[in-house]
Structure formats: C-alpha cells, structure tokens
Amino acid sequence: MDQLGTEGEPGTFLQPKCLEELESPTDSGSDYEATMKGTKRRKPAVSKQPPKRTRHNAALKGMSSPSGISVPTPPGPSPQSISQGTSMQLSARSVRSMNEESQIISAKDIYDAVCSGKSAMVTVVDEWLDSYKRSREAGLLVLINFIVQSCGCKGVVTRKMFDSMQNAEIISTLTKEFNEDSVNYPLCTPGPQLKRFKAGLCEFARVLVRSCRNSLVYDEYLFPSLLALLTGLSDSQVRAFRHTSTLLAIKLMTGLVEVAVVVSVQLQTTQQQYNTENSKRAHDRASDRLEELQATVRELRENREELSSMMNATFRGVFVHRYRDQLPEIRAVCIEELGLWLKMDPEDFLNDGCLKYLGWTMHDKQSPVRLQCVRALQGLYQEKEFIGRLELFTSRFKERILSMVLDKDPDVAVEVVNLLLLIQQRTEEGLDEEECGHIYPLVYASHRGLASAAGGFLYNKLKGVMTSHSQENDKANNAAFFQILISFYIQSEFHEHGAYLVDSLWHVAGSELRDWETMTTFLLQDDELMYEEEGVLIELMMCAIRQAAQATPPVGRTQGKKNLSMKDKKIQEQDKRRITTHFIPLLPQLLAKYSADARNVKLLLKAPLYFDLEMYSSAQWLEKHLDLLLSQVCGIVEKHTEVAVLEACAHLASTLSSDCYTFSSRAQLAFSQLFDVLTECFSTYVNDLLQVGECGTADDDDTYSGATALKRIAALSSAKDPTAWKLFDSCLELLKSRMESRELDKELMAPAMKCAAFHLMWAKVNVVNSKPTEAELKRLKKEVRSFCRVCQDCLSLNQTDIRDQAFELLCDLLLLYSVGSVRSEPALRALAHLPSDSLRSELAAFLLDYVFTDTEDVELDAESEEEMKISLLQKKRNQLAGYCKLVIYGVLDLTAATDVFKHYSKLFSEMLTEHHSRQDLTEIRDLAKRLAMSFGIDLHRVRKPLVALHMDGIRFAFRDPQEGEEPNPNVAFLKILSEFSFKLLQPDRAQLAEFLKSACPSAALSWPPVKLYQRSLEARSTSKATEQEGGDEVPSHDTPVVKRRRTTAQGSASTTRGPWLDNSSIQSSLHTPALTSTVQKQPAKRMASRKPRPVESDISSSLTEPESEDEFSPGLQMRKVKPNKRRLASSSKNTPSPGQQDLNSHLNLLSLIEDDIAERDEDEIEDYQSDSDTGYTLPSTRHTSVSVLDELFD
C-alpha cells in the first residue's frame, strides 16, 4: 500500500462503503441526470395508484421531532406520480396568495424568517410540516419556491407548472427570466446580512432533517425530490443557483449523515439484542420479542439503505463536481462539510477514497478553501482512534503540509502549524528534526498569530526534551528550560530578535519567562553560564521584562489598535510591581558585574525604564539602591565611549531626572556633578586643541581625552540642558580652526558639532519658556548663523561622518528656527533663520550626491556587508526624511522637492528626452502611476492643477525641436501623461482632446503614443478599450469597467495569467516548495496581450484531480484535461436570433455577470504551472457561448 488510488481506479484509496463508485471528475452532461435517475419524478398517470405502505419504525418510536410532534408519512399519491423534473413556471403572484385557501405557510414567510435570524426555526419548520402533511405536493411547492427565492430569483411557481415541467426545463426557464438588477444575491450580500442569512439557511436545513428523521426522511418523496432539484440547480451555470443549491444540498447531506449514524447505532444495538435472544434455548426464547426485534432490524436496514442511497446520490451528484467549482465559496463549503462527514461517520467516510479530496484541495489557489481543508484535518487528527486510518494519508501528504507553513495567507499557515503540532503529538512517528526545522524559524515571523502558533510548537518540543531529563521541582525545571531555550536561540542564528522569540512563547511559557529569580541567579553566579550564554540570557530577560511591563507586542507585530481589558491591565500592573520589587536591589549588582561589557550593560540600562519608579520613594531603605544605581550609571558614562551605551545612559538620566518623581532632585544633582567632571576634563585640553598646525601642542593622548570628553558631553546633552556650562564658543572655535587648517579629525569634530547643536536647541527651548532680552535674542541668532555657516562648509568635505553629521544637524536646526516655529510667538520672530541660496544648493547637491547615489562597495564578509547595507539604508532614510521635512514645513520651496520626485524610482531627467527604451518608459510610467494615486478622491479639488499638468505635458510632447534634434523628440511623454487621465473629470477630457488635436500635427494622430493618450481621454466608467493596435499599451489606471468579455477562437487552447501572486510576508531561508501557489513566488511578468481561452463552462474548475497514482509524485502537480465535447458543440451551435438580441441587451446588467473588478479581486482557481513553459493544456474557466443566455453565465 505505497500508492494512493484515484477516483474510479483500484488502489489503496477505497471508496466509502455507503457510496457507490464515484463518477469521473470531468463534467459530462448534467450531473443531475447522471446521479438522480432513481428519483426522477414522472408526470401524473391517468389511474391513481395506491399509496406506499407507511413504515412504523419501532426502534425510532422514542425519538420525536424538535417540536414534540410525531410526523408520520402523510397519505397521498405514489411517489412515482412525481417525476424528477419538478414542475415550475414563473408567475407574478406570490406563493402566499396562491395558498391562502389552504392556509399554509408561504415561501416568503420562510424566507423572511431565515433572513431575520430572529425567528425560532423549529416553529417555522413545524408550520411547514403541518402544511406538507395536508398536501405534500403543495408543501413541496412552497419549499421549492423558498429555494428559488433564496437564490435571489423573483420568480414564483404555480401548481399547474409544477405538474407539467421537468426540472431541467424549469432551471432553463428560471435562467432566462433571472432579471435581477444587482450583482449580489442573498448568499453574497455584503455586510452582516450575509452572515445572518447564511446561518439561518443552514439552520433551516439542519432543523428540517432533524424534524423529519422519524418518518418523512423515508417517504421516498420529499427528500429525493428536494435533492433532485438541488442537484440540478448545483449544475447550473448561474452562480446564484449553483451556490445556494450546493450549500443547501451539502447541509442536508450533513443532516442525513447524522441520522444515518443514529440509525447505524440503533441497528447495531438491536442486532445484538436479537442475537442474544436468539442464542437462548428454545424454551427460554420469547417468540414475540424475537419477531419484533427481527422486524425492527429489517426496517432499520431498509432505512439505512435508503439513507445511503440519498447520501450516495448527493455525494456523487453534488460534492464530486462542486468541490472543484470555480467559486471558492462553494469549494470551501464542500470541504468544510466533508470534514464533518469524516468525523461523524468514520466507518463510511474515513477511508482513502474520501481523504484524497482533502489532499488534493490542499493545493487550491484560494486560501479559504485551503483553510477549511486544514481545519478538517485538525478535527481528524484530534481523535486518537483515527490515527491508524490516517497513516497512509500522513505519509503521502506530509511534505505538502510542511510546505504550507509558508502559505501566503497567514491564517492558513497558523492552522497548518497547529495541525503539525497535532501530528507531532498524536502519531508515533511524529516529525523528525529536519521537518521541525520548517517550523522553528516562524517564531520570528512578523504575523503574531503565526509566530504564536510556532511558539506553541517550539514550547511543546522543548518540554519534550525536558521530560527526558525531568527535575524534582519547578525551579530546576525552569532552569533547564532556560538552558534549552538559550541553546535554541544561539543555534537559530536569528540574533537581535529576542523580543520576537519571547513574544512568540509568551502565551504558552509566560510563567517560565516571568521567573526573574531563576534568571538573575544564573547571571549573578559565576561559572554557571558561558559568556555567549550570559549575553543571550540578558537579552531574553530584558525582552521578557518589556513584554510583561508594557503588555504590547514588539514592533511589526501590532495588529490594529487594541485596548487592554481590565483583566490584562491588572495583570500588567502586578507584573510591573513584581519586576520593580525584584530588580531594585539586584540591578546595581548586575551593572557592577557587567559594567565593562558594552553589549550587556547597554541592555541592563533599559531595565529601570520598565520599573514602577515611585517605589524608590515608598521606603527609605530603597533610596540607597537609587544612590547605588546613580553611581553605577555615572561610572558607566566615565568608562565607555560607545555611542549606544552613552545613549542608553542619557535616556535613563532623562527618565530619572523627570520632575514627576519626588527623587528627581537626587538624580539631577548626580548628573550635574558628572557634567562638571566632563566639562572640566574638556576645558583642560581645549586650549591645546585650538592650536593646530606646526605650533600645536596637543599630542594624540590629549586629542583622545578631549574627544572622549566631548562624546560623553554630547550624549548627555540630549537629556540635560548644557547651556549653563557655556561650551558653544569653545566647540565653534574648535570647528573653525580645524576647517581652516584642514586637520579633520572625525572623532573630535563630530561630537563638537553635536555639542554646539544641542546648545542651540536647548537655548531655543529656554527662550520659549522665558522672556529673553533683545540682546540675548541677537546673540542667539548670531550663534545660529555662525553654526549654520560652519556646517555648510562641512557639506563638501570628504569625511563621511563629519559631512553626514553636518547635514542632519542643519536639517534639525533650520526646522527648529524656521519662520513657522516662531509664528505664534511675535517676540521671537527675530530668531527666524532662513537658509541662503547657497545653502539651499548645498543641501540639494548633498541629496543628489550622497543619498540618491549608490556608494562604492567595501570588501566585507557576507554578514558584515548585510549589516552595513542596512545601517547605510537607515542613515539615508533619516537624511531624506530631514530634507523632506524642510519642504513640508515651508523652510525650502516646493521646487526643492523636484529632486526627490525625480529619484522616486531611481530615475533621471534624461529619460524624458533620450534613450526611450521600453524599460525606461515602464519605470517612469510606474512612477507616474504612483504620483497619480496621490491626488486622492476629491477630483474637484485637484481639477485645475491636473488640467494644467495635462496641457503642459501636451505642449512638452510637441515642443519645437532644437538644433540637431529629431522632430517631436518628446512625443513618448504622452504615454506617461496617460497615467494621469483616469483622475480627469468628463468635461476636462473633452477639452483636452480638442487641445491635443490643435497642438499636434495632423500626421501625429496615428502615432501610437498619441492614440494611446486619446484612448485614455475617451475612457468611460462603463467601458474600456482592450484591443492594442501596433503595440500600443493601454494605461493601467483607466476607469474600471463593469464587464470585460473574452472572445475565444474555436479550438484555441492557450491561457494567460496575470501577476496575481503576492509576496509572502514571511522571509525565510527554507526551501520553497515547487509548483505550489501558496508560497512566495516571483510575480509573473505582465503579458503584452491576452490570448484567447478555450470554450468551456465556468462551473468546471481548473483544479483537476490526478487520474493516476503517478500524479502524487512531488514533481508533478497537474495533468491534461480534455475539453468537454458536448459543451464545445453546444456553444458553437448556439447563435442569437433577432428576438434573442433584445433579450441579450435586457440581461446585460444581470447579477450573474462577473465584472472586471471581481475578476481581478477574486483569484480564479487554476491549474498549477511553473514559471517555465510547460506542455500541459489547461482548461478554461470561462463560458463564451454566443447563445441567448450568454450574458447570464459567469
């Protein structure tokens, strides 16, 4: 048993016991005709036949309908008097008026009850059953009209047509008369009404079967006739009919399966009772009891066979064809119900013959279908008794399941990880380490749900390792947990992502990650951990502290704005108090131990930011710990020069010095004393540093000491006001002297610039919060002007660090001292500093030379090069953001933004006038498309500038050529201009069309760019040109269309695909599975033209079932599918008559038409093909018959 059998072939995948051998998955004729012959309703005979004997099931007497009313089989004509084709004719009269004489519930009453969702469904069903008992033909007619109305059809069927027409004729008539004005039908109506209606419809089907389970299920009239109609409707090419009838049929099937399970249990129990009674000696047997049991067994067997017949017909007639329907909602409901059948009735359904459908639909291109498939499998793997039957399925499809952890839909990936956890826990083989390696990296995924699911899988694996080395108590277990987690983090090679790992494990390992005592014990004891392990534990501990204190996920995992509940807030406050109580006495010890380790001390300095700092003032004994903390922080500042460590100290100093805390004066005093020490150190060397050149007296040690003092002062200046120490003049003189002598020392000049800039920033804050004199304002403005002049000179230096520092500080200061910043303070308007023309030019030149230009590559190893690229990109982003702020807030003119726009997609202005390659125009059109989308939806507000843009663009396209140029060198610009046309109002379109004719030569009207631009102006909201002449391209942003018809040449068999694939949100180094649509792929190239598609009904899906066991090989996921000959013939023969053409125009806007927007939004299920060309012929999913009903088909 190493290969899976396929449908209709011998193999390991056997068919269910209660089901006959399934038909081929290829549609051939009507599914209804092929599967429901046994239930065909014939026309009434002349002579009246006696009614069928009513069965009285003794074993079922104890069961009653939900309403408490026993429902016997009503007397009436033989079921043979009703043929399969239930008669219907559309009438304007309502069912209620037709049935008033009989006083029965109408179809509209049932429909309203289902739509409202508030009615008691049992009462509604009981009322209908009462009417059915009085007249089963009239009752069935009401139910049929309810189904038609649920499909969104307004037609009503009278009794006369009910008796005279076949189902196929009725469905055809309904299709012709389906005159809806909306694209929606009840099952696809947007909003809460959809959910309410669908739930009501499913509840109605469930209650109907439950109420009829004692007798009417076996009357051989109601359910066979109902299922025959639903099977016929499910084969309709009308989406509303197909969708609604499939849902009802599948839900009725679920109800029948429930009844069949009950009957099977009763049959088994009764059979055992019969065997027990029969095994007694002759004189001990109760003959009456034995006969009664034998009759009951016989009747239960008949009931079971009848239920199996209806289930078999529904499975073959509906499920087998609709599980691969074009509409993903239909496929999803089929798979969802199949999962219920497998779980409810494993004896009949849980075999390879039914499991194969789950295996196949795991390759479905629509995520809702894959999601239902995975959820169905979860329900199966949760049951231990099913594991043995799932062994072959697991071995065959495990590879596919593992590949789906990278599904492009995170919701599917989440459920797949949960499924793999069940497989790991329930099966004997489980998953090996290589297979688990597919899941481990997902703990770092950006999607929080997926990361949490992967965290649960990882935690289960870690606990399994711990179980093999079980400890005596919880503390020992937690210690073992941290050792294993540290080892995993080191081996995973995703360093600096500890916050994501902690967040992934938080919901399953929260108690272990909150064990602060175990973590600090590890860190304070010597020789417990190696150096690398200590660093990892400190990182994970700080991440856990942040997670507990803030109760928020790390950056990138926030899914919407979610407010904490009262319970979560209470837990957060408790965690914060526990963290503070535990770490206040221990943090100074940890800082003292790791004070020389820049990486670890940088992390530990963040801990007080998550404390409840008021606790320092709550007890006197805690104040000494505050003094110890301040002492350690000041010592770290004097010991380190790394920027990250100094910034962490400055951040902590700013927090502790905040006036909102009662102990802030102690912190301010400590940091003021530190500032005094650093300033004195710098003052000692500043005079020697100012003397440069041959007469300079400062040696390397003096320069280093002065530079380190400046670095520390600059870092602390971001948290504390440095103006009282009056360092600005010394720093400015130092910068000037170095610039004049050209002795450029980045270690000295960069911190000097920062110190001077922070002085000016704090000075602005001080003058805003006080009333400065005029002399003070003049001095401050003079200092700003002098500093900006020095920074401007630095922009042209070859020293990258100095140049970048000067640019960033200039952007900040120009914004801080802009006209807009002092507009609300009349007394401070004299401080406004406007950049000079030369400074504007220097800033623009810096942007062009160093931000929009790739730097030369440096020889580095792969890891260092990647880190350097990320750092460089971040720096460029900050510089560009600073420049854009100057434009946004009016410091620079709007014309300064042209440099930014020109380089939006790495383009240069030469592309407009020379080298008109197709690649250049494609890129610049993409830029135009992005800019056009920025105009918003208020077209009247942008009307004038947009028209001006088009007129200037037309003039530019047809400007007079200069000497040496060819005529009309810029005409290709019209292709770019066409991207802005969809934002034009209709009157402006006509005006611009006339302007184009007057501006361009008459011969130019036939040029491709001109014709393209004309078409973009002529586009309407209801139509769009799709033909391309002479290689012209249609603008991608023309007004959306309602319907786009695809014309197909007979015999054509080629298909095209659009770039519908989305990039996966999960970046992983794992191998990407081949030939699947659910993992990350490169976007397909846009096709230049749309090839014709073969003719075939839309109801057949492109998801095709493998026809041989070889189809399950990993390298092959698709097969040839022959087109349906009958439909090809019928579509070629049907031609419209003059009368039918009027009907075509009348049906042009029917709800069944798929508009172009829906085609783009809804990814059609298609055959799987690789990026390379293949020799496989893929079936079409479009019906292009030119018959009178053509507009009704999807």
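See the structure shown above.
All values reported here derive from a predicted model rather than from experimental measurement. (Residues numbered from 1 in each chain as written. Predicted model: local features only at pLDDT ≥ 70, side-chain atom pairs only at ≥ 80, totals over all residues. Heavy atoms only, no water.)

Structural notes on unusual backbone geometry
Line of reasoning, step 1. Although it is not a glycine, Glu 220 adopts a positive phi angle of roughly 60°.
Line of reasoning, step 2. Looking at the secondary structure, you find Glu 220 in the loop between helix H8 (192-211) and helix H9 (222-234).
Line of reasoning, step 3. For Glu 220, a relative accessible area of 32% translates into the label partly exposed.
Line of reasoning, step 4. One non-glycine residue with positive phi stands out, namely Asp 527, at about 65°.
Line of reasoning, step 5. Residue placement: Asp 527 occurs in the loop between helix H22 (516-524) and helix H23 (531-550). (Helix = DSSP H or I, 4+ residues; strand = E, 2+ residues; numbered from the N terminus. Buried < 20%, exposed > 50% of the residue type's maximum accessible area, 1.4 Å probe, protein only.)

Focus on the nonpolar core
Line of reasoning, step 1. Leu 358 and Phe 787 are the most contacted members of the largest nonpolar core, which totals 276 residues.
Line of reasoning, step 2. By residue number, the principal contributor to this core is helix H10 (residues 239-278), which donates 14 residues.
Line of reasoning, step 3. The residues contacting Leu 358, other than those within four sequence positions of it, are Ile 335, Leu 338, Leu 342, Cys 373, Ala 376, Leu 377, Leu 380 and Phe 393. (Core = buried A, V, L, I, M, F, W, Y, C linked by side-chain atoms within 4.5 Å. Contact = heavy atoms within 4.5 Å.)

Observations concerning a positive patch on the surface
Line of reasoning, step 1. Among the surface-exposed residues, Lys 736, Lys 782, Arg 785 and Arg 789 lie close enough to one another that they form a single positively charged patch.
Line of reasoning, step 2. Summarising the element assignment, Arg 789 is placed in helix H32 (residues 774-794). (Patch = residues over 30% accessible without salt bridge, like charges linked within 9 Å, V, L, I, M, F, W, Y side chains within 5 Å. Areas by Shrake-Rupley, 256 points an atom, 1.4 Å probe, with all protein chains shown as cover. Salt bridge = Lys/Arg side-chain N within 4 Å of Asp/Glu carboxyl O. Lys, Arg positive; Asp, Glu negative; His and termini not counted. Charge placed at Lys NZ, Arg CZ, Asp CG, Glu CD.)

A look at the environment of Ala 999
Line of reasoning, step 1. Looking at where Ala 999 falls in the secondary structure, it is placed in helix H40 (residues 986-999).
Line of reasoning, step 2. In this structure, the C-alpha to C-alpha distance between Ala 999 and Ala 957, residues 42 residues apart in sequence, is 9.5 Å.
Line of reasoning, step 3. Once residues within four sequence positions are removed from consideration, Ala 999 is found in contact with Ile 954 and Phe 958.

Re helix H38 (residues 943-957)
Line of reasoning, step 1. The first and last C-alpha atoms of H38 sit 21 Å apart over 15 residues, in line with the 21 Å expected at 1.5 Å per residue.
Line of reasoning, step 2. Burial in H38 covers these residues: Leu 946, Val 947, His 950, Met 951, Gly 953, Ile 954 and Ala 957. Angularly, the buried residues of H38 cover 160° about the axis, an arc narrow enough to put them on a single face. The outward face of H38, more than 90 degrees from its buried face, is lined by the exposed residues Lys 944 and Pro 945.
Line of reasoning, step 3. Where H38 is buried, its residues touch helix H39 (973-977), H40 and helix H41 (1008-1018). (Expected span 1.5 Å × (residues − 1). Arc of directions from axis to C-beta.)

Some remarks on the packing of helix H26 (residues 620-639) against helix H28 (residues 664-690)
Line of reasoning, step 1. Contact geometry for H26 and H28: axes closest at 10 Å, N-to-C directions at 25°. If you check the angle between H26 and H28, you find them roughly parallel. Here the hand of the crossing between H26 and H28 comes out right-handed. For the pair formed by H26 and H28, the contact residues are Glu 623, Leu 626, Asp 627, Leu 630, Val 633, Cys 634, Val 637 and Glu 638 on the first element and Arg 666, Ala 667, Ala 670, Phe 671, Leu 674, Val 677 and Leu 678 on the second.
Line of reasoning, step 2. A per-class count over the contact of H26 with H28 returns eleven nonpolar, no polar and four charged. (Axes fitted to C-alpha atoms, helices over the stretch in contact; angles between N-to-C directions. Parallel < 35°, antiparallel > 145°, perpendicular 65-115°, else oblique. Left-handed = near helix turned anticlockwise from the far one by under 90°. Nonpolar A, V, L, I, M, F, W, Y, C, P; charged D, E, K, R; others polar.)

Things to note about the pattern of salt bridges
Line of reasoning, step 1. Per the stated rule, a full pass over the model turns up 34 salt bridges.
Line of reasoning, step 2. Close ionic contact of Glu 347 with Arg 389 constitutes a salt bridge, the shortest N to O distance being 3.0 Å. On the criterion of sequence distance, the pair formed by Glu 347 in helix H13 (residues 346-349) and Arg 389 in the loop between helix H15 (367-381) and helix H16 (391-403) is long-range, its members being 42 residues apart.
Line of reasoning, step 3. Put simply, Lys 593 and Asp 526 hold a salt bridge, and the shortest N to O gap is 3.5 Å. Residue Lys 593 is found in helix H24 (residues 566-593), and its partner Asp 526 is found in the loop between H22 and H23; the two are separated by 67 residues along the sequence.
Line of reasoning, step 4. Here the salt bridges do not stand alone but share partners, grouping Arg 242, Arg 322 and Asp 325 into one network.

Observations concerning H24
Line of reasoning, step 1. For H24, built from 28 residues, the straight-helix expectation of 40 Å at 1.5 Å per residue is met to within 8% by its first-to-last C-alpha distance of 39 Å.
Line of reasoning, step 2. Of all the bends found along H24, the most pronounced is centred on Phe 583 and spans about 50°, while Pro 585, a proline, follows it within four residues.
Line of reasoning, step 3. Looking at H24, one finds that the buried residues are Gln 572, Asp 575, Ile 579, Thr 580, Phe 583, Ile 584, Leu 586, Leu 587, Pro 588, Leu 590 and Leu 591.
Line of reasoning, step 4. Contacts made by the buried residues of H24 are with H22, H23, helix H25 (598-604) and H26. (Bend = angle between axes of the 7 residues up to and from the residue.)

Digging into the packing of helix H5 (residues 136-150) against H8
Line of reasoning, step 1. Two numbers describe how H5 lies on H8: the axes approach to 13 Å, and their chain directions differ by 160°. With respect to each other, H5 and H8 are oriented roughly antiparallel. The element H5 and its partner H8 pack so that their crossing is left-handed. The segment H5 lies against H8, with Leu 143, Phe 146 and Ser 150 engaging Phe 197, Leu 201, Phe 204 and Leu 208.
Line of reasoning, step 2. When the residues that make up the contact of H5 with H8 are grouped by side-chain class, the tally is six nonpolar, one polar and no charged.

Purely geometric stuff here, so don't read any function into it on its own.
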